[in-house]
Structure formats: structure tokens, C-alpha cells
Amino acid sequence: MKIAILGGGVAAFEAANAARKFSAEVEIDIYSSEALPPYRRPALSGMLANFTINEKMFFIKPESFYAENNIGLHLNKSCMEIKEDSLLFADGSQAAFDKLIIATGGAARRPPIPGSDLPNVCTFRNFADLEKLNAAVANIRSAVVIGGGVLGLELAESLLKRSIHVTVLEMNQQLFANKLTPEAAAEVEAKLRETENFDLRLGVKVSAITADGVTLENGDTVSGEIVIFSAGSRPVLPEKFPASLKVERGIVVDRKMQTSCKNIFAAGDAIELDGKCFGLYNDARNTGIVAGANAAGGSEEYLDSAATPVRFFSFGFKLVMP
């Protein structure tokens, strides 16, 4: 049996690893659109501070792992179409499968704000984004980050370490609105406001982006040579896929990570389960394990009885928020 896995993140890796643990005979191939083996995406924001790669900490496993476990690793393979039993890639090649696991992850949201397509506007989701942003901030002195969640604040801290003035814009009236009490959020806010070269604005919305910064709905302008969106993610899918594959906000799966197509499973940030989309590393890891085992013949179920905590380890904080 041939199992094809689309994606290059932790969900794809864990799916391959789980499938191999379940069966020594099944053929397993990972097809990733990225140029690097599966890596830990949460590490990217911190790497912006000095753009160095600690391979042991960054890559989930060394590249030798895949050969040692008879897992095919195919990089720079961008899938254009999912067919009933094969994949079509941008380079014209195809790959047949008996079972498919879609673990294509998410792409950074770029809200439809006037000016959001300007050259000075960046998103941040993968290593290619890190390379682009690293080049963009090489000779600047000010930046605007739209979004005051964990990723937005992590990016802000890395930019501050490069002596760049940072303004973070958050539309909610408090930080981590769904995770912290108003009192706890106020303590975090107060400490952040003591940070030099850093400006935090809460309860604001951006109405337009220009080459010099952003304009807020209240008419204020905020200067910034680059603007970085940190406004969540959306599931990624190839341009074409079977009509029988049910997709709403994400690829709809059950607790076995089974899609509406009997030979297709899905995991990670690309899925929707019980009306919910995922966006956290541990959820991607755990759903990948279930998808991989079941694609190889198992009957595992995803359990989410406890909410995955959100960790914020920046600006001197060590917060684990349920």
C-alpha cells in the first residue's frame, strides 16, 4: 500500500512517523512545497532576531531519519491538484497513492485592507517568509505589526533586538482577550509599555496601509517602513481537489481524521473538526499521529478533552494560558 502525505510541517511528519510505527511494509512518501525537511514553525519568530539556525532545535528530525525509516522525502513539490488516486505537481510530475493524508497547514491571513498588497507589507508563516522578512528589515528603523497575539509580540521582540522601533496594533481592548482575565492582561500590558522603542495600541483598527505606515479608522497615522500582518491563518488546499472532498472553513474530518473521501485523511491546520479549525502546534502534532496510524490501517481517535495551552515566552514572560 502507498501512503502519500502532502505537507511539510509537524502534522505531516507525525503522520509519516505514526504510519511507519504501525506498519513496516507500507510505502510512505512526504511531498512538501518547501525547500527544507519538516521543522518546528514556532521557532521561526525568534530566529528573526539574528537569523541563525540551530539545526538540532529547528528540524524535527535530521534528514537522515527519513532514509533510515524508509520514508520518501520530496521537497519543492507544490501540489496543484488532488485526484482520486494521484497527485499532480506544479513541475508536471505525478504520484499515485492508495491512501492520502492532507497536512498542508495554513497560510497567513492578509486581510483585504487597502494597500495590503504593497511591497512593504509582509506576512509570517514559514521559512520563506522568514527569509523575506530578514532581508526587508536589514536597513530599516521602524516597523508596524498588525496583531497583538503571541506571534505578533514574538516578532516585535525579535525586531526590537535588531534596534528597530516597533508599534503593535491590536483590535481588541485587551491582550489575549480569550485567554487572560482583564486583571492579568492589564499586568502584561503594563510591563510591555515599559519596553523601550516599543509602542502598543489596543482597540484600534487599520483602514489603510501606505508606503510609510498605516492609517487607523480613527484617522491617526502610525509610521513604519514595513508592515507585518500577524492576523491568524487560513487552511491551505491545492487549487483542485475531488468534488466529493467536503471543505468548509477547512477540510472536514471526523475524529479518526477521515475525510468525506474514503481513502483520504487530513490533519493539522488544514482541517475542520466539529466546526473548529486548529492553529496550534500540539493540535497539529496530535491530529497527524491519528491520521498516520489510521491511514496505515489503525483505528485511532483524536481526543481533545483538554484545551491545548497557549504559551507566551517573550518580553520576560513565561505564560501558559489554557
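Residues numbered from 1 in each chain as written. Predicted model: local features only at pLDDT ≥ 70, side-chain atom pairs only at ≥ 80, totals over all residues. Heavy atoms only, no water.

Enquirer: Outline the overall build of the chain, supporting the account with residue identities and numerical values.
Expert: Helices and strands together make up the secondary structure of the chain, namely eight helices and 23 strands. Taken over the C-alpha trace, the chain has a radius of gyration of 21 Å; the compact-globule value for 322 residues is 20 Å, and the two agree within 12%. Structurally, the chain occupies a C-alpha span of about 60 × 40 × 40 Å along its principal axes. Evaluated residue by residue, the chain yields a buried proportion of 50% over its 322 residues. With an accessible surface of roughly 15,200 Å², the chain has 49% of that area assigned to carbon and sulfur atoms. Computed over 33 positive and 39 negative side-chain charges, the separation of the two mean positions in the chain equals 2 Å. (Helix = DSSP H or I, 4+ residues; strand = E, 2+ residues; numbered from the N terminus. Rg over C-alpha atoms; globule rule 2.2 N^0.38 Å. Buried < 20%, exposed > 50% of the residue type's maximum accessible area, 1.4 Å probe, protein only. Areas by Shrake-Rupley, 256 points an atom, 1.4 Å probe, with all protein chains shown as cover. Lys, Arg positive; Asp, Glu negative; His and termini not counted. Charge placed at Lys NZ, Arg CZ, Asp CG, Glu CD.)

Enquirer: Please provide a residue-by-residue account of the environment of L180, values included.
Expert: Along the chain, L180 turns up in the loop between β11 (165-170) and α7 (182-192). For L180, a relative accessible area of 16% gives the class buried. Here the alpha-carbon distance between L180 and A136, two residues 44 residues apart in the chain, equals 33 Å. Apart from the residues within four sequence positions on either side, L180 is in contact with Q174, A185, V188, L319 and M321. (Contact = heavy atoms within 4.5 Å.)

Enquirer: Please set out the layout of surface pockets residue by residue, giving values where relevant.
Expert: Of the volumes computed, that of the second largest pocket is approximately 190 Å³. Considering the residues around the second largest pocket, the lining is formed by P42, A43, S45, G46, A49, E154, E157, S158, K161 and S314. Those elements giving two or more residues to the lining of the second largest pocket turn out to be α2 (44-47) and α6 (150-160). By residue number, the principal contributor to the lining of the second largest pocket is α6, which donates three residues. (1 Å grid on protein atoms, 1.4 Å probe; cavity = no way out; pocket = protein on both sides within 12 Å on 5 of 7 lines; lining within 4 Å. Points joined across faces, edges and corners; volume = space filled by probe spheres on them.)

Enquirer: Quick rundown of the sheet that holds strand β18 (residues 251-252)? Include the residues and the values.
Expert: Pairing is mixed across the open sheet formed by three strands, whose spatial order is β18-β20-β21. Looking along the sheet, the strands with just one partner apiece sit at the ends: β18 and β21 (276-277). Judged from the two bridges that link them, strand β20 (residues 271-273) and β21 form a sheet pairing that is antiparallel. Considered in β21, the bridge of E272 is made with C277. (Pairing = 2+ DSSP bridges.)

Enquirer: Which residues make up the pairing of strand β1 (residues 2-6), and what are the values?
Expert: Burial analysis of β1 places four of its five residues in the buried class, which makes it a mostly covered element. Where β1 meets strand β2 (residues 27-31), five bridges bridge the pair, whose relative direction is parallel. Residue pairing across strands places I3 opposite I28, the latter belonging to β2. Of the crossover connections in this fold, the one passing from β1 over helix α1 (residues 10-22) to the parallel β2 is right-handed. Sheet analysis places β1 next to strand β7 (residues 99-102), joined by four bridges and oriented parallel. Looking across to β7, one finds that I5 is bridged to I101. (Right-handed = clockwise from strand over helix to strand, strands pointing away.)

Enquirer: Can you tell me about the sheet that holds strand β6 (residues 94-96), naming the residues and giving the values?
Expert: Sheet strands pair by backbone hydrogen bonding; their relative direction is either parallel or antiparallel. Taken together, the three strands give an open sheet; going across it, the order is β4-β5-β6, and neighbouring strands pair in antiparallel fashion. Sheet topology places β4 (79-82) and β6 at the edges, where each strand pairs with a single neighbour. Adjacent strand axes in the sheet meet at a mean angle of 20 degrees when their direction is disregarded. Relative to strand β5 (residues 86-89), β4 is paired through three bridges, and the arrangement is antiparallel. Residue pairing across strands places C79 opposite F89, the latter belonging to β5. (Axes fitted to C-alpha atoms, helices over the stretch in contact; angles between N-to-C directions.)

Enquirer: So, the environment of D212: which residues are in play, and what are the values?
Expert: Relative to the assigned elements, D212 resides in the loop between β13 (206-210) and β14 (213-216). Judged by relative accessible area, which is 60%, D212 ranks as exposed. If we skip the residues at most four places from it in the chain, D212 touches V222, S223 and G224.

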